[in-house]
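Observations on chain architecture
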Amino acid sequence: MRSGLYPKLALGGIRKNRQLYYPYILTCVGMVFMFFIIASLAASPIVAEINGARTTQILLDLGKNIVAVFAVVFLFYTNSFLMRRRQKEFGLYNILGMSKKNIARILIWETFFTAVIALVGGILSGVVLYKLAELALVRIMKGEVEYTIQIVWNVIPKTILIFGGVFLLLFVCGLLRVRLTNPIELLHSENVGEKPPKANWILGLAGAVILGIGYYLAVTIDDPIAVLFGFFMAVLLVIVGTYLIFIAGSVALCRLLQKNKTYYYKPNHFISVSSMVYRMKRNGAGLASICILATSVLVIMSAGISLIVGIQDVFHMRYPTDFRVEVGCHYSLSEEQRQSLMDFATEDLTVKNESAEEYIYALGILEDDSLRFLGFDEEDNPMSAFWNVYIIDLETYNRLSGDSATLSDGEILLAFSKDADELTNLDVETTGSFTVKEMVEFQTLNSGSMASVYQSVQIVAQSLDVFAPLMETAGSGEAYLTAYDMWSYAFDAEESAEYQIENYEEKYDRFMDEVYTVVGDGGWTSDYDSLASSSRDYYALFGGIFFLGLFLSILFVLATVLIIYYKQISEGYEDASRFEIMQKVGMTKKDIRRSINSQMLTVFLLPVGMAGLHMVFAFFIVRQFLLLCGLDNTPLFVASNCGCFVVFAVIYAVVYRITSNAYYRLVSAGTAGR
């Protein structure tokens, strides 16, 4: 057989099956494009120059790996739809005398053409649009825009190597599929469906239990420190539970609908339910995949939008003023020491809105009405059990709250940063027992510890001298507790943000030496912050998270669209002959349309509905993640969740309507695709 025939047959096969092949090729191009863009941004020298970009580049490098893994899984998934349709054609070639070796050569050329188009198209698109993506990322990160084009050339061979390997594996799998099937099976493969499966209640119940455990983890984890591990465990359980429920539960649903004679014995319901039962295992897996992808899009985008929109809330909570210097010792700083630190912090700055506060900070464990403090070397307790303890005097509390509270000997006011049980008494280690006169509102101090992920308790005493025994114990002996007499000085500056950053960076390098000079040797802690400098780092971090989330969301949406499309088209080809028979016995095109709509309402609304349910339970654990990032704005997160769900539902409905029309055209034609 002439060698030039194989490329012609391969190109002819691609053209004849363009309804399946063109979307597949575009998907391959899109995967290569996505990988190339993210990999290039991860290695971009311009992005690397932005302050705080190191974390962003790590995230992008992780995103590059996610895209690569997802591309392998998804291309194999979509290729299976393509090969199922092509098997009939290969079976015909085999019966007409073409050997499987010849068919393999056709597959080689088809894979080669697809790989070349995907790699060339994806890389060229990436090269053309890379600068636009880079500018968008730099803008989001509040970096300095540069319009010079710098292509990261070493990404190109990496892209070719990775996706070349993917296409090689796809060819090997297609070749094995052809070799292990005889010609008659190939010829009739399009019409081979699955045996109607039985409703597996045990499998469905197991899925419900696993899903329930995942939901329970998502709702009950209220510790931001444990949220990362809990999040991945909950995600894994929800994915497994979703697949089991859709595969087993969808079968059970169809069986129940069949038993409902009033519903089932109608032309539109009879056809749609019977068709779904016939191939329900594949339906269940496909619908579960749509549900998981939809949930991923909703969670990623709602969290990303909340972070980028609520970034000012993060700044306000962590940095209420332009500058803050904080030093803690086991004794109260003298006026001379405080003035020396103030002179250092305000050097070369025009100061306004200054404030200073003194309080005691300690790390402890609160159990019932007993508070004990932790030593530096104590490791017997999980981090989730730790409490930030802030002790302020009555004068400070009244000034911050605008109240005029009074206290007698042995009385304190008590406040919690989160909802907790009210206490009437508090037994404090090293100090004694106190009567809680009143539970009051938690007051924000000029402290960097206020942004901690630990839960916090605030004690208001007549004066800090009441807790002198604590400070004496903290600074001596084996007990050596994590307790400090803190002095915090905060102020705003009239200079520009750029000048404030320069001033802060110049002083930061000699801050520790200054504290050592002022305070001397011994146990002390210190902190020095600038709003302008820190906000730049936060924009870099949150901008990187948002940008990566946006890219992954686009990728997952495209994957969802393609799964729906291939599901509709492949089932349209399979159902064409069946609907042709039904039309011959009197079924009208109107009945076909009703049957298709019935199938949509019965099954295809389930994934987006289940995704919405997943999103409700994910709300609690994602909110903890946002708290870990410093964002405590529940109304914003609720609005972001609702908005993302509405937008996705609209896109989902439009895509499904378009693909269902394609399905309708195939089955109503009777002989479509023949």
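Below is a short write-up of the structure.

1. A short note on the overall build of the protein
Counting its regular elements, the protein contains 20 helices and 10 strands. Expressed as a percentage of the 674 residues in the protein, the buried residues total 52%. In the protein, the proportion of contacts linking residues at least 24 apart, taken out of those at least 6 apart, comes to 83%. Summed over its atoms, the accessible surface of the protein is roughly 30900 Å², and 61% of this surface lies on carbon and sulfur atoms.

2. Thoughts on the nonpolar core
Core analysis: the largest hydrophobic core is formed by 94 residues, its most contacted members being Tyr24, Met31, Leu41, Leu60, Phe70, Phe163 and Phe167. Broken down by element, this core gets its largest block of residues, 17 residues, from helix H2 (residues 18-42). In this view, Leu41 contacts Val47, Gln57, Leu60, Tyr130, Ala133, Glu134, Leu137 and Phe547; residues no more than four positions away in its chain are not counted. In this structure, Val389, Ile391, Val457 and Leu464 belong to the second largest nonpolar core, which totals 25 residues.

3. A look at a negative patch on the surface
Together, Glu367, Asp368, Asp369 and Asp427 line one region of the surface with negative charge. Relative to the helices and strands, Asp368 is located in the loop between strand S2 (351-367) and strand S3 (370-373). Judged by relative accessible area, which is 70%, Asp368 ranks as exposed.

4. Digging into the layout of surface pockets
Within this model, the largest pocket holds a volume of roughly 1600 Å³. Counting residues per element, the ones that place at least two in the lining of the largest pocket are helix H4 (53-95), helix H8 (201-220), helix H9 (227-259), helix H12 (280-309), helix H18 (531-584) and helix H19 (589-628). The residue makeup of the lining of the largest pocket, split by class, is 36 nonpolar, eight polar and no charged.

5. A few points about the packing of aromatic side chains
Centre-to-centre distance and the angle between the planes together describe a pair of aromatic rings. Within this structure, the stated rule accounts for 25 aromatic pairs. Considering the side-chain rings of Tyr359 and Tyr390, the 6.2 Å spacing of their centres and the 50° angle between planes classify their relative orientation as tilted. With Tyr359 in strand S2 and Tyr390 in strand S4 (residues 387-393), this residue pair connects regions lying 31 residues apart in the sequence. Residue classification places Tyr359 among the buried residues on the basis of a relative accessible area of 1%. Residues Phe619 and Phe620 carry aromatic rings whose centres are separated by 5.8 Å and whose planes lie at 90° to one another, so their mutual orientation is edge-to-face. Given a relative accessible area of 37%, Phe620 falls into the partly exposed group. Members of the aromatic cluster, joined through ring pairs, are Phe344, Tyr504, Tyr508, Phe511 and Tyr528.

6. Considerations on the pairing of strand S5 (residues 411-416)
Within S5, five of the six residues are buried, leaving the element largely enclosed by the surrounding structure. One ladder, built from four bridges, connects S5 with strand S7 (residues 432-439); its direction is parallel. Directly across from Glu411, in S7, lies its bridge partner Thr435. Two elements, S5 and strand S8 (residues 455-461), share four bridges in a ladder whose sense is antiparallel. The residue of S8 that forms the bridge with Phe416 is Val457.

7. Some remarks on the side chain of Asn641
Relative to the helices and strands, Asn641 resides in helix H20 (residues 634-669). Filtering out sequence-adjacent residues up to four positions away, Asn641 remains in contact with Ser302, Met615 and Phe619.

8. Describing H2
Relative to the 36 Å expected for 25 residues at 1.5 Å per residue, H2 spans 35 Å between its end C-alpha atoms, a close match to the ideal helical length. Among the 25 residues of H2, 20 are classified as buried, and the element is accordingly described as predominantly covered.

9. Thoughts on the packing of helix H1 (residues 5-16) against helix H5 (residues 100-140)
Direction vectors running N to C along H1 and H5 enclose 65°, while the axes themselves pass 8 Å from each other. The element H1 and its partner H5 pack so that their crossing is right-handed. Within the contact between the two elements, H1 uses Tyr6, Pro7, Leu9, Ala10, Leu11, Gly13 and Ile14 and H5 uses Asn102, Arg105, Ile106, Trp109, Glu110 and Phe113. Considering only residue class, the contact of H1 with H5 consists of nine nonpolar, two polar and two charged.

10. Some points on the environment of Met141
Position of Met141 relative to the elements: it lies in the loop between H5 and helix H6 (155-179). A relative accessible area of 0% means that Met141 is categorised as buried. As for Met141 and Gly543, which are separated by 402 residues in sequence, their C-alpha atoms are 4.9 Å apart.

11. Remarks on the state of the cysteines
Under the definition given, this model contains zero disulfides. No disulfide involves Cys644; its sulfur sits 9.5 Å from that of Cys642, the nearest cysteine. Relative accessible area serves as the criterion here: at 11%, Cys644 is assigned to the buried category.

Cut-off values and rules
Residues numbered from 1 in each chain as written. Predicted model: local features only at pLDDT ≥ 70, side-chain atom pairs only at ≥ 80, totals over all residues. Heavy atoms only, no water. Helix = DSSP H or I, 4+ residues; strand = E, 2+ residues; numbered from the N terminus. Buried < 20%, exposed > 50% of the residue type's maximum accessible area, 1.4 Å probe, protein only. Contact = heavy atoms within 4.5 Å. Areas by Shrake-Rupley, 256 points an atom, 1.4 Å probe, with all protein chains shown as cover. Core = buried A, V, L, I, M, F, W, Y, C linked by side-chain atoms within 4.5 Å. Patch = residues over 30% accessible without salt bridge, like charges linked within 9 Å, V, L, I, M, F, W, Y side chains within 5 Å. Salt bridge = Lys/Arg side-chain N within 4 Å of Asp/Glu carboxyl O. Lys, Arg positive; Asp, Glu negative; His and termini not counted. Charge placed at Lys NZ, Arg CZ, Asp CG, Glu CD. 1 Å grid on protein atoms, 1.4 Å probe; cavity = no way out; pocket = protein on both sides within 12 Å on 5 of 7 lines; lining within 4 Å. Points joined across faces, edges and corners; volume = space filled by probe spheres on them. Nonpolar A, V, L, I, M, F, W, Y, C, P; charged D, E, K, R; others polar. Phe/Tyr/Trp six-rings, centres within 6.5 Å; stacked < 30°, edge-to-face > 60°. Pairing = 2+ DSSP bridges. Expected span 1.5 Å × (residues − 1). Axes fitted to C-alpha atoms, helices over the stretch in contact; angles between N-to-C directions. Left-handed = near helix turned anticlockwise from the far one by under 90°. Disulfide = S-S within 2.5 Å.

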